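Residues per chain, in single letters:
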Amino acid sequence: MDYKPRILEPLLRQAAGEFPVVTITGPRQSGKTTLCRALFPSLPYVNLEPLDQREYARNDPRGFLAEYPDGAVIDEIQHAPDLSSYLQVAVDEDPRPGRFIVSGSQHFGLSQTVNQSLAGRTAIMRLLPLSFDELRSFEAETNDLWQVVLQGGYPAIHSRKLNAARWLDNYLLTYIERDVRQLSQIGDLEAFGNFLALAAGRSASEINLSAIGGDAGVTHNTVRAWLSVLEASFVIFRLPAWHGNLRKQLTKAPKLHFLDSGLACRLLGIGSREELRRHPLRGPIFESWVAGEIFKNRAHRGETGGMFHFRTARGPEIDLVIRSGGSLIGCEVKSSATMHGDFLRPLQRFEELLGNSAEIGGLAKRLVFGGDQEQKRTAAKCIPWRELHHSAWL
């Protein structure tokens, strides 16, 4: 097995040394199986995707676990939700650390059963698609920004040198036909597929349920439910609005971001790097790529939450506001390869709005742009896209 190290690896090893069960969740095809089997080769591996294994774990959970007295890697555990209750009994009787490593692709179902049955007995972590710094170890093409954004970060595309468009088409078909049915009682899969494409066109935008519902031909309650499905299956993530204690009229709507830029591009019908470079949504797609890269790097280091956006009714809009200890990081994102002084003005105005707020220990101002050369500006740290991961975002 050709294993490439993942950023999550040290955190996963640490958790396995402290908890009897470690739970890994994340989207399908993000590399969970490869990671678990590489890090825990001495544990037997069992996958609950095949019907016979699934039925065995569902119908005779005691007998199933009895076959693994010293533990196992149990993949796709969401197919046997009651198994967690029996795992609780097993690890209470024998609480050796790292005994069971369980993984699953559906966040809602997996999290609910784990939280109810294994609270205090398991560490929960997320493995997401490859971040840019992980991508480099796959010998992928990482010199061209728009090729990187177009292909996205699913490991199979890069490890097996697959055609990204064809692989992503099949992924979307499997996702809609299989995972969506399991996550929610959605009757009209064609309408959901159209909604998914509409959502891609709104990546890096504030969520307006009524507007999306009007375009999709469904109610705003349906949009709310379908967005939850996308979030549960790690297709999107939402950035809440940051408020602080500012006495300003602030937006409260969260921003929608696609977690994988390749998936967003495929849904928008973008077929080449040149088409992406000229596309009218190039800026929002790049903003979502940057937000997703920071989100993945934080998640793979065990950091959840702490990412926001900011906008006043008549003042500055900040693409990313990140809580870092007692301080804030304000980050603007521009797809242009050339820096302009105007890019930094929102950050300066944001700093002025914050003033000497007692709740904030300081503000680090950053701008990520689509160029290759580092720019030295006194007003903010200007970061070329390929240097994104050389900055601390925790």
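What this report covers is the structure whose coordinates are included nearby. Please read these numbers as outputs of a predicted model, since none were measured by experiment. (Residues numbered from 1 in each chain as written. Predicted model: local features only at pLDDT ≥ 70, side-chain atom pairs only at ≥ 80, totals over all residues. Heavy atoms only, no water.)

Counting its regular elements, the protein contains 17 helices and 14 strands. Rg of the C-alpha trace for the protein: 22 Å, near the compact-globule value of 21 Å for 394 residues, within the 12% margin. A principal-axis box enclosing the C-alpha atoms of the protein has dimensions of 65 × 45 × 45 Å. For the protein, the proportion of its 394 residues judged to be buried stands at 54%. Considering only contacts in the protein between residues 6 or more positions apart, those separated by 24 or more positions represent 69%. Looking at the protein as shown, the accessible area adds up to about 17400 Å², and 45% of this sits on carbon and sulfur atoms. Separation of charge centres in the protein, based on 46 positive and 44 negative side chains, amounts to 6 Å. (Helix = DSSP H or I, 4+ residues; strand = E, 2+ residues; numbered from the N terminus. Rg over C-alpha atoms; globule rule 2.2 N^0.38 Å. Buried < 20%, exposed > 50% of the residue type's maximum accessible area, 1.4 Å probe, protein only. Contact = heavy atoms within 4.5 Å. Areas by Shrake-Rupley, 256 points an atom, 1.4 Å probe, with all protein chains shown as cover. Lys, Arg positive; Asp, Glu negative; His and termini not counted. Charge placed at Lys NZ, Arg CZ, Asp CG, Glu CD.)

It is worth spelling out the pattern of salt bridges at this point. Evaluation of the coordinates by the stated rule reveals 26 salt bridges. One salt bridge in this structure joins Arg28 and Glu49, with 3.6 Å as the shortest N-O distance. Taken together, the residues span a long stretch of sequence, with Arg28 in the loop between β1 (21-25) and α2 (32-39) and Glu49 in the loop between β2 (45-47) and α3 (51-59) at a distance of 21 residues. Judged by relative accessible area, Glu49 falls into the partly exposed class, the value being 21%. (Salt bridge = Lys/Arg side-chain N within 4 Å of Asp/Glu carboxyl O.)

Before going further, it helps to examine the sheet that holds strand β11 (residues 327-334). The strand order across the open sheet built from six strands is β9-β10-β11-β12-β14-β13, with neighbouring strands paired in mixed fashion. In this open sheet, the two edge strands, each paired with only one partner strand, are β9 (307-311) and β13 (375-376). Note that β9 and strand β10 (residues 317-324) share four bridges and pair antiparallel. Pairing of Phe310 across the sheet is with Ile318, part of β10. Most of the contacts of helix α16 (residues 282-299) go to β10, to which it runs at about 5°, and overall it touches β9, β10, β11 and β12 (363-369). Packing of helix α17 (residues 345-354) onto the sheet brings it into contact with β9, β10, β11 and β12, and relative to β12 it is tilted by some 165°. (Pairing = 2+ DSSP bridges. Axes fitted to C-alpha atoms, helices over the stretch in contact; angles between N-to-C directions.)

Here Gly71 shows up in the loop between α4 (61-66) and β3 (72-75). Here the alpha-carbon distance between Gly71 and Glu141, two residues 70 residues apart in the chain, equals 39 Å. Setting aside residues up to four positions removed in sequence, Gly71 forms contacts with Leu43, Pro44, Arg99 and Phe100.

We now examine the sheet that holds strand β6 (residues 205-206). Taken in spatial order, the three strands of this open sheet run β6-β8-β7, and their pairing is antiparallel. Every other strand in the sheet has two partners, leaving β6 and β7 (236-239) as the edge strands with one partner each. Relative to strand β8 (residues 255-258), β7 runs antiparallel, the two sharing four bridges. Within the sheet, the bridge partner assigned to Arg238 lies in β8 and is Leu256.

Now for the pairing of β8. Of the two faces of β8, the one holding Lys255 and His257 and the one holding Leu256 and Phe258 are both buried throughout. In this structure, β6 lies alongside β8, joined through two bridges in antiparallel fashion. Among the inter-strand pairings, Ser205 is bridged to a residue of β8, identified as Leu256.

Orientation of helix α11 (residues 189-201) relative to helix α13 (residues 220-232), taken along the N-to-C sense of each, is 75°, at an axis distance of 11 Å. In terms of axis orientation, α11 runs roughly perpendicular to α13. Here Ala191, Phe192, Phe195, Leu196 and Ala199 of α11 come into contact with α13, specifically with Val223, Trp226, Leu227, Val229 and Leu230. (Parallel < 35°, antiparallel > 145°, perpendicular 65-115°, else oblique.)

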